[in-house]
Amino acid sequence: MKYHLAQPSFFLKITRPLLPASGFLMTIFFIAGLYTSLVTSPPDYLQGDGMRIMYVHVPASWMALFVYGFLALMSFFSLVWRHPLAEVLAISAAPIGALFTALSLITGSLWGKPMWGTYWVWDARLTSVLILLFLYGGYWALYKSYTRPDQGLRAASILALVGVINLPIIKGSVEWWNTLHQPASLTKLSGPSIHVSMLTPLLLMAGAYFFYFLTVLILRACKELKTRKLMILESMK
Amino acid sequence: MIRRELRNLYLHGGTLLATFSFFVFALFCIALTLGPHENILKQSAPALIWILAILSTLFSTPLLLKAEAKEGLLDEILLHPSSPAFYLLSKTIAECILFGLPLIVVGACLSSFFLLPYKDILTLSLTLLIGFPALSSLGILGGLLTIHSQGGGLLIALLILPLTLPLLLFGLAVMEMVRLGLDSSASFCLLTGVALLLVIISITASSWALRFAIEG
């Protein structure tokens, strides 16, 4: 492992050109994704235009899971190797993940009202995503409840690792239990059961969300690194 | 080690007594406010007893841990050559014996508030018995994670309650099966499996948390 690649100073150096690039890609993907999803993609034959919520809802759910996985991985690194960059990345990622989870739940319930006739059902997938939101909340509350941030971070990292058991439950919830939520239509062995005209905007939106995550993550991580530097300077005075 | 933990727990009898009274009074209040409708009482009893058992465990276990931390016992545990997991496991077992069993017995006695039939009470007690080690070890994890924090009890509920939900759901699934007269062995196996998994995960996480809490 090349340790110098994980130095905070190296991180600050490579993100300087990476940040505008990621922001630029995010803008491109958002424009293309919104245009294709709102204008060029056909309305669903059953659900009409209401189905366009999918282009907001599905990528948000993917990102909610992806960011939690990222958070857990970074927590693991920070617990085992006590790596400062991993700590910074974990703290920076948590609120973004919570945002995606909340977005997924809100758009999901808005979509559920016209299609299922209700905003909320106690279905396995909905419940497990709500628990994911609680886990993000618990992580943040635990981190903030300590007066010494390093202690709080370590406790929160352990919680994040324990919470990983929720991820396979969310993934499996639509297959293990009989639920209202439809099963995955993209990651099937027989190939995606969704037409290209709808798949394209979906993937574009997923790309836009991913680059949004990357951009905000870099911004938050740089801010956090600089705050830490300031605190060290303050304490040396 | 288990005997030492038992004695330790016995010395903190006051906390246990307070928790029991919380459990009893909360059940009493709920039964009173739900009113004398037999159907509502019968249907909600298992869920309520489960939830109260979870809450009282999550509130009392961290209190006991905090008392031990104040006495410097946790530092001793880390200095001891054997793994802290043994200490945590014996703590869980001791808590099951001195706290879990009486709680289940009390819960079974109070089920008559809810007009539960005999068979349902038996199943409820059995599911609680299976689930209790997991609850207790999760409570220990919550207590260790928040030991130096400002939040206290409410924070623990926020952290650990989501993790106890699978237990609650599978426990109630067993109850539902028994009430409908169906074969409940599958749900029983699931409940036991989840409980054991939670014990293993939370003991492992707790021994990390213990090390970090003490070493700072």
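Residues numbered from 1 in each chain as written. Chains lettered and ligands numbered in written order. Predicted model: local features only at pLDDT ≥ 70, side-chain atom pairs only at ≥ 80, totals over all residues. Heavy atoms only, no water.

> Account for the overall build of chain A, naming residues and giving values.
Along its length, chain A carries seven helices and zero strands. The buried share of chain A, reckoned over its 237 residues, is 47%. Considering only intrachain contacts with a sequence separation of at least 6, the fraction spanning at least 24 residues in chain A is 76%. Split by element, the accessible area of chain A, about 12300 Å² in all, is 72% carbon and sulfur. (Helix = DSSP H or I, 4+ residues; strand = E, 2+ residues; numbered from the N terminus. Buried < 20%, exposed > 50% of the residue type's maximum accessible area, 1.4 Å probe, protein only. Contact = heavy atoms within 4.5 Å. Areas by Shrake-Rupley, 256 points an atom, 1.4 Å probe, with all protein chains shown as cover.)

> Which residues make up a nonpolar patch on the surface, and what values go with them?
Residues and elements named next belong to chain B. On the surface, I2, L89, I93, I97, L101, L126 and L129 cluster together to form a nonpolar patch covering roughly 540 Å² of accessible area. Counting only elements with at least two residues in the nonpolar patch, the list comes to α5 (84-110) and α6 (118-145). Considering every element that reaches the nonpolar patch, the biggest residue donor is α5, with four residues. Here I97 is to be found in helix α5. Judged by its relative accessible area of 42%, I97 is partly exposed. (Patch = residues over 30% accessible without salt bridge, like charges linked within 9 Å, V, L, I, M, F, W, Y side chains within 5 Å. Salt bridge = Lys/Arg side-chain N within 4 Å of Asp/Glu carboxyl O.)

> Could you give an account of the confidence of the model for chain B, with specific residues and numbers?
Taken residue by residue, chain B gives an average pLDDT of 81. The fraction at 70 or more is 98%. Between the elements of chain B, mean pLDDT differs from a low of 76, seen in helix α1 (residues 2-11) of chain B, to a high of 86, seen in α6(B). (pLDDT = per-residue confidence, 0-100.)

> Help me get a handle on helix α5 (residues 149-162) of chain A, residues and values and all.
A turn of α-helix holds 3.6 residues, and therefore any two residues three or four places apart point the same way. Along its 14 residues, α5(A) runs 20 Å from first to last C-alpha, staying within 8% of the 20 Å computed at 1.5 Å per residue. Counting buried positions along α5(A) gives eleven out of 14 residues, so the element sits mostly inside the fold. (Expected span 1.5 Å × (residues − 1).)

> Break down the interface of chain A and chain B for me, citing the residues and quoting the values.
Often the size quoted for an interface is simply the accessible area lost on bringing the parts together. Counting residues at the interface gives 23 residues for chain A and 23 residues for chain B. Linking chain A with chain B are zero salt bridges, by the criterion used here. At the level of elements, α2 (54-80), α4 (124-144) and α5 of chain A are the ones that each hand at least two residues to the side of chain A that touches chain B.

> If you had to explain the side chain of S90(B) to someone new, which residues and values would you point to?
Residue and element names in this part refer to chain B. Take S90: it is sitting in helix α5. The exposure class of S90 is buried, given its relative accessible area of 5%. The contact partners of S90, leaving out residues within four places of it in the chain, are M1, I2 and E5.

> Give a detailed account of the packing of α2(A) against α4(A), specifying residues and quantitative values.
All names here are of chain A. Where α2 meets α4, the axes come as close as 11 Å, and the angle between the chain directions of the two elements is 40 degrees. Relative to α4, the crossing made by α2 is left-handed. Counting all contacts with α2, which are made through A64, L65, V67, Y68, L71 and S75, the residues of α4 involved are L132, L135, Y136 and Y139. (Axes fitted to C-alpha atoms, helices over the stretch in contact; angles between N-to-C directions. Left-handed = near helix turned anticlockwise from the far one by under 90°.)

> Hey, could you go over unusual backbone geometry for me, with residue numbers and the actual values?
A positive phi is found at R82(A), a non-glycine position, where the angle reads about 50 degrees. Among the structural elements, R82(A) can be located in the loop between α2 and α3 (84-116).

> Tell me about the packing of aromatic side chains, and name the residues and values.
All chains considered together, the criterion is met by 15 aromatic pairs over all chains. Where Y68(A) meets Y136(A), the ring centres are 5.4 Å apart and the plane angle is 75 degrees; that geometry is what we call edge-to-face. Separated by 68 residues along the polypeptide, Y68(A) in helix α2 and Y136(A) in helix α4 bring together distant segments of the chain. On the basis of relative accessible area, Y68(A) is assigned to the buried category, the value being 2%. Judged by relative accessible area, Y136(A) falls into the buried class, the value being 2%. Taking 6.5 Å as the distance between ring centres and 85 degrees as the angle between the ring planes, the aromatic pair formed by W208(B) and F212(B) counts as edge-to-face. Here F212(B) and W208(B) lie together in helix α8 (residues 185-215), a separation of four residues that amounts to about one turn. Exposure remark for W208(B): the relative accessible area of 33% places this residue in the partly exposed category. (Phe/Tyr/Trp six-rings, centres within 6.5 Å; stacked < 30°, edge-to-face > 60°.)

> Can you lay out the side chain of T61(B) for me, pointing to particular residues and giving the numbers?
Residue and element names in this part refer to chain B. Within the secondary structure, T61 is located in helix α3 (residues 38-70). Given the relative accessible area of 1%, T61 is considered buried. Within polar-contact distance, the side chain of T61 engages the side chain of E95 at 3.1 Å. Excluding anything up to four places from it in sequence, T61 contacts E95, S136, G139 and I140. (Polar contact = N/O pair within 3.5 Å; in protein donor to acceptor, adjacent residues only side chain to side chain.)

> Got a sec to walk through the state of the cysteines? Specific residues and values, please.
Here the structure, examined in full by the defined rule, presents zero disulfides over all chains. Just so you know, C96(B) is unpaired, no disulfide at all, and the nearest cysteine sulfur is the one on C109(B), 19 Å from it. (Disulfide = S-S within 2.5 Å.)

> How would you explain the packing of helix α1 (residues 8-40) of chain A against helix α7 (residues 196-236) of chain A if you had to name every residue and give the values?
All names here are of chain A. At a closest axis distance of 7 Å, the pairing of α1 and α7 adopts a crossing angle of 150 degrees. Classified by the angle between their axes, α1 and α7 sit roughly antiparallel to one another. By crossing handedness, the relation of α1 to α7 is classed as left-handed. A class-by-class count of the residues in the contact of α1 with α7 yields 24 nonpolar, eight polar and one charged. (Parallel < 35°, antiparallel > 145°, perpendicular 65-115°, else oblique. Nonpolar A, V, L, I, M, F, W, Y, C, P; charged D, E, K, R; others polar.)

> Would you mind going over the pattern of salt bridges in detail, with residue names and values included?
All names here are of chain A. Taken as a whole and judged by the stated rule, the model has four salt bridges over all chains. Residue E87 is joined to R228 by a salt bridge in which the shortest nitrogen-to-oxygen separation is 3.3 Å. Of this pair, E87 sits in helix α3 while R228 sits in helix α7; the two residues are 141 residues apart in sequence, bridging distant segments of the chain. By relative accessible area, which is 25% here, R228 ends up partly exposed. Between D150 and R154 there is a salt bridge, and its shortest N-O distance comes to 3.9 Å. Taken together, the positions of D150 and R154, both in helix α5 and four residues apart, correspond to about one turn of that helix. Taken together, the shared-partner salt bridges in this structure form one network comprising E87, E224 and R228.

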